[in-house]
Amino acid sequence: MKRKALEQLLEWKNSSRRKPLILKGARQVGKTWLMKEFGRLNYEKTFYFSFEKEEELFSIFEKNKDPYRIIEQLGLIYDDKIEGEKHLIIFDEIQECPNALNSLKYFNEEANEYHIIAAGSLLGTLLADSMTYPVGKVNLLDIYPMDFEEFLGAVQPGLLKYIEQTRPNDILEIQHTKLIEQYHNYLIVGGMPECVSCWVSEKNSGTVAQIQKELITLYENDFAKHNKKVNAARILLVFRSLVSQLSKENEKFIYGCVKSGARAREFEESIEWLVSSGIVLRIFDVTKPEHPLKAFEDLSSFKLFFFDVGLLKYAAGVPNKDIILNTGFQFKGPLTENYCLQQLIPQFDINPHYYSPAQNYEVDFLLQNESDIIPVECKAGKNTLSASFKRYRKEQKPNLAVRFSELPYKEQDGMVNVPLYLAGRIKRL
């Protein structure tokens, strides 16, 4: 399977501002595979160290702060010499050894000729903690589940090549139909690498569902295993409320849906933990649809989504037939929004926001592209009527508006209808 992050890793390798790199992202999104594959493709040798499997490594970092001494000791473990520039060093599950995390500072300052990539489970929650962390001494890269294009490249590489080489308005109807079918498959399988690999090899959605069940159980077990300061029971309550939160007509997060009588102060830390872990995506409402969007965030008004649409589909209990037969089931809208958000976030430096100035008036997403604010509407099928979107365009007069739907690509009156399977290419389009 080909991952876009490999190109970003190559840019890091060749960058003049290269520092030790930390990969952030939820468990099981493919960080370890990415690091090893990147090393295989771009270095003479790769030296892999796992702080979860090799606890004896801890002593090396407890006794040494000199990066050259550390390199010498690590080389002895492999009975080989680690050379700068030629070799890649991987520190996996680095959260288990805070001294190793802190050592990245010294590698940056004193031995930056060594190419080091580190990753770990729930690193986002650790980086937000008060533990020793090399601020400003590392590069960071967010790793997400496979997007639709990566999924398509794994299951139908010919179709991926087709959309890469064909202008959106020249896509043939027969190819459009095939791409919509694959989009439906992606809603079921999602972008978790193990699920995609299973789907490619077995084409068994029942096995995929079993993997999704196991992944959700894994994350729920992590709440208790890894958190120290935040109440694990509250994290679990928030996580298990996400489906019902998204099922509401207004998807704004309501604390009362977590527990009757709940208040923000009880669950704010739990939400921050889930967002920092990469398991949950959060977008904020804005009081004004103007740039910079972050200046107008309403921090009390937000929505939470799953980081992977396949896991959301499984957690919500949506039958495959409702997606394949394209029926108008109630959860279709939230599933489509979650899909779109998952494709949009990696493309833009600033996370999408939404706009909800009044009751029965809401724009699904606002994108900031330099100084342009682009409204986005997500439609689950071919019915594209939206009073809110029409009202926003009339009142705000944006230079460009985007509507995702299952209809073919079409430009009309300052708005572009983009088929859902092209959501991952919207910035390039």
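Please refer to the structure higher up on the page.
The structure presented is a predicted model; accordingly, all values stated were derived computationally and were not measured.

Rules of the game
Residues numbered from 1 in each chain as written. Predicted model: local features only at pLDDT ≥ 70, side-chain atom pairs only at ≥ 80, totals over all residues. Heavy atoms only, no water. Phe/Tyr/Trp six-rings, centres within 6.5 Å; stacked < 30°, edge-to-face > 60°. Helix = DSSP H or I, 4+ residues; strand = E, 2+ residues; numbered from the N terminus. Buried < 20%, exposed > 50% of the residue type's maximum accessible area, 1.4 Å probe, protein only. Polar contact = N/O pair within 3.5 Å; in protein donor to acceptor, adjacent residues only side chain to side chain. Salt bridge = Lys/Arg side-chain N within 4 Å of Asp/Glu carboxyl O. Arc of directions from axis to C-beta. Contact = heavy atoms within 4.5 Å. Core = buried A, V, L, I, M, F, W, Y, C linked by side-chain atoms within 4.5 Å. Disulfide = S-S within 2.5 Å. Pairing = 2+ DSSP bridges. Right-handed = clockwise from strand over helix to strand, strands pointing away. Axes fitted to C-alpha atoms, helices over the stretch in contact; angles between N-to-C directions.

### So, the packing of aromatic side chains
Phase 1 of the analysis: Applying the stated criterion across every chain, the model contains 25 aromatic pairs.
Phase 2 of the analysis: Seen in terms of ring centroids, Phe239 and Phe306 are 5.5 Å apart; in terms of plane orientation they differ by 40 degrees. Their pairing is tilted. Taken as a pair, Phe239 in helix 12 (residues 232–247) and Phe306 in strand 7 (residues 297–306) lie far apart in primary sequence, 67 residues in all. Neither Phe239 nor Phe306 differs from the other in exposure class; each is buried.
Phase 3 of the analysis: Measuring from ring centre to ring centre gives 6.4 Å for Tyr255 and Phe302, while their planes differ by 80 degrees; the resulting arrangement is edge-to-face. Of the two residues, Tyr255 is situated in the loop between helix 12 and helix 13 (264–277) and Phe302 in strand 7; the sequence distance between them amounts to 47 residues.
Phase 4 of the analysis: Taking the relative accessible area as the measure of exposure, Tyr255 reaches 16% and is therefore buried.
Phase 5 of the analysis: Its relative accessible area of 5% is what places Phe302 among the buried residues.

### Observations regarding the environment of Ser50
Phase 1 of the analysis: Relative to the assigned elements, Ser50 resides in strand 2 (residues 45–50).
Phase 2 of the analysis: The exposure class assigned to Ser50 is buried, which follows from its relative accessible area of 2%.
Phase 3 of the analysis: Sequence separation between Ser50 and Asn139 is 89 residues, and the spatial gap between their C-alpha atoms is 20 Å.
Phase 4 of the analysis: From its side chain, Ser50 meets the backbone nitrogen of Lys53 in a polar contact 3.4 Å long.

### Notes on the pattern of salt bridges
Phase 1 of the analysis: Scanning the model with the defined rule gives 22 salt bridges in all.
Phase 2 of the analysis: Residues Lys294 and Glu297 are paired through a salt bridge, measuring 3.5 Å at the closest nitrogen-oxygen approach.
Phase 3 of the analysis: Residue class for Lys294 comes out exposed when judged on its relative accessible area of 55%.
Phase 4 of the analysis: Among the charged side chains, a salt-bridge network with shared partners connects Lys4, Asp147, Glu149, Arg425 and Arg428.

### Here's the deal with helix 17 (residues 387–396)
Phase 1 of the analysis: Among the residues of helix 17, Ser388, Phe389 and Tyr392 are the ones counted as buried. The arc that holds every buried residue of helix 17, seen down its axis, measures 100 degrees, which confines them to one face. For helix 17, exposure combined with an orientation more than 90 degrees from the buried face picks out Ala387, Lys390 and Lys394.
Phase 2 of the analysis: For helix 17, the secondary structure elements touched by its buried residues are strand 8 (353–358), strand 9 (361–369), strand 10 (372–378), strand 11 (401–405) and strand 13 (415–419).

### Details of the nonpolar core
Phase 1 of the analysis: Formed by 103 residues in total, the largest nonpolar core has its most connected members in Leu23, Ile117, Phe307, Tyr339 and Phe404.
Phase 2 of the analysis: Non-local contacts of Tyr339, meaning those with residues more than four positions away in its chain, are made with Phe148, Tyr183, Tyr186, Leu187, Val309, Leu420, Tyr421 and Ala423.
Phase 3 of the analysis: Membership of the second largest hydrophobic core comes to 25 residues, among which are Phe47, Ile70, Phe91 and Ala100.

### Focus: the state of the cysteines
Phase 1 of the analysis: Counted by the stated rule, this structure contains 0 disulfides.
Phase 2 of the analysis: With no disulfide partner, Cys195 has as its closest neighbouring cysteine sulfur the one in Cys198, 7.3 Å distant.
Phase 3 of the analysis: Residue Cys195 is classed as buried on the basis of its relative accessible area, which comes to 1%.

### A word on the pairing of strand 4 (residues 115–119)
Phase 1 of the analysis: Counting buried residues along strand 4, 5 of its 5 residues qualify, which places the element largely inside the surrounding structure.
Phase 2 of the analysis: Side-chain alternation along strand 4 places His115, Ile117 and Ala119 on one buried face and Ile116 and Ala118 on a second face that is also buried.
Phase 3 of the analysis: Across 3 bridges, the pairing between strand 1 (residues 21–24) and strand 4 is parallel. From the neighbouring strand, Leu21 faces strand 4, where its bridge partner is Ile117.
Phase 4 of the analysis: Where strand 3 (residues 87–92) lies against strand 4, 4 bridges are found, and the strand directions are parallel. Of the residues in strand 4, the one forming a bridge with Ile89 is Ile116.
Phase 5 of the analysis: Of the crossover connections in this fold, the one passing from strand 3 over helix 5 (residues 98–110) to the parallel strand 4 is right-handed.

### Structural notes on the sheet that holds strand 2
Phase 1 of the analysis: Across the sheet, which stays open at both edges, the 5 strands sit in the order 2-3-4-1-5 with parallel pairing between neighbours. Sheet topology places strand 2 and strand 5 (139–142) at the edges, where each strand pairs with a single neighbour. Within this sheet the neighbouring strands show an average axis-to-axis angle of 20 degrees, counted without direction.
Phase 2 of the analysis: Each of strand 1, strand 3 and strand 4 touches helix 5; the most contacted strand, strand 4, lies at about 155 degrees to it.

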